[in-house]
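# Structural characterization, general
Chain residues, written in single-letter form:
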Amino acid sequence: MAILEVQNIEKHFGSTKVLTDISFSLEEGQALSIIGSSGSGKTTLLRCLNFLEKPDKGRICVRGKVLFDAGDPSTQLEGEIRKKRLHFGLVFQSFNLFPQYTALQNITLARELQARERGETKAQIEAAGRELLSQMGLSDRADHYPHQLSGGQQQRVAIARALALQPDILCFDEPTSALDPELTGEVLRVIRNLAEKKTTMIIVTHEMAFARDVADQVIFMDEGIIVEQGDPHKVIDHPKEDRTRQFLSRYTERN
């Protein structure tokens, strides 16, 4: 059974249709890369999956359970939506760390709010946070504040924060777009390691070689629709659709 099923998602902003009939599934342990030009709907799709936007049509199912159905108001109750967000972790392109908290505090804060529900002590939560920092190669940065960290380090803290709540699916919204090439490599190495550990992920990215080599499947979006999807090597190296070829040829010219 697929861990995630997205069925016929549509999203409008006023008279502008941003997403049209978006459907795909994702198996547990797989990485999905979503590529496409700016404005093609990639970020809006991630925001719909994380319930930061409400789709106008369609269904979202995780582990066989319907989390959202545009035709069923009972799946759209605000209190329930907040709980459903916990199935997804989202890493933003601009880090979004709290400047007044240390790296460790940024990671443990959300988990501390759920300590009673999870049956965890503060010591257990802190230990888990330090372990995540270690996985990110930041053991010596636990007590540093965001302004004391490089962009790559801040993004790695943001990844650790998303992992702290143990989401079913980890989502990345262009996680390297705010970084220079050297720092980009730091973050991509972390994501590559997560893929090797079979972390279920959705990665919106402009890093074509990374998408081809790390993902299990790739989706190319244009003007709010899925133009082509499938094996990354086939889609990126041997695209079938003219629009996919046009996009990838421009990417090749730029690089």
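Above this text is the structure in question.
Notes on the structure in this doc start here. As the structure is a prediction and not an experimental result, all values here were calculated from the model.

### Overview of the sheet that holds strand 5 (residues 65–69)
Taken in spatial order, the 4 strands line up as 2-1-4-5 in an open sheet, and their pairing is antiparallel. Here the strands that pair on one side only, and so sit at the sheet edges, are strand 2 (16–26) and strand 5. The mean angle between the axes of side-by-side strands here comes to 20°, regardless of whether they run parallel or antiparallel. With 7 bridges connecting them, strand 1 (residues 4–13) and strand 2 associate as antiparallel partners. Paired with His12 across the bridge in strand 2 is Lys17. Its contacts with the sheet put helix 1 (residues 42–49) on strand 1, strand 2 and strand 4 (57–62), and the angle it makes with strand 2 is roughly 65°.

### Description of the packing of helix 3 (residues 103–113) against helix 5 (residues 122–135)
How two helices sit against one another is set out by the angle between their axes and by the gap between those axes. For the pair helix 3 and helix 5, the least separation of the axes is 9 Å and the interaxial angle reads 130°. Considering the angle they form, helix 3 stands oblique to helix 5. The way helix 3 lies across helix 5 gives a crossing that is right-handed. The segment helix 3 lies against helix 5, with Ala103, Leu104, Ile107, Thr108, Arg111 and Glu112 engaging Lys122, Ile125, Glu126, Ala128, Gly129, Arg130, Leu132 and Leu133. In the contact of helix 3 with helix 5, the residues fall into 7 nonpolar, 2 polar and 5 charged.

Reading the values: rules and limits
- Residues numbered from 1 in each chain as written.
- Predicted model: local features only at pLDDT ≥ 70, side-chain atom pairs only at ≥ 80, totals over all residues.
- Heavy atoms only, no water.
- Pairing = 2+ DSSP bridges.
- Helix = DSSP H or I, 4+ residues; strand = E, 2+ residues; numbered from the N terminus.
- Axes fitted to C-alpha atoms, helices over the stretch in contact; angles between N-to-C directions.
- Contact = heavy atoms within 4.5 Å.
- Parallel < 35°, antiparallel > 145°, perpendicular 65-115°, else oblique.
- Left-handed = near helix turned anticlockwise from the far one by under 90°.
- Nonpolar A, V, L, I, M, F, W, Y, C, P; charged D, E, K, R; others polar.

Fair warning: the whole summary comes from geometry, so function is off the table for now.
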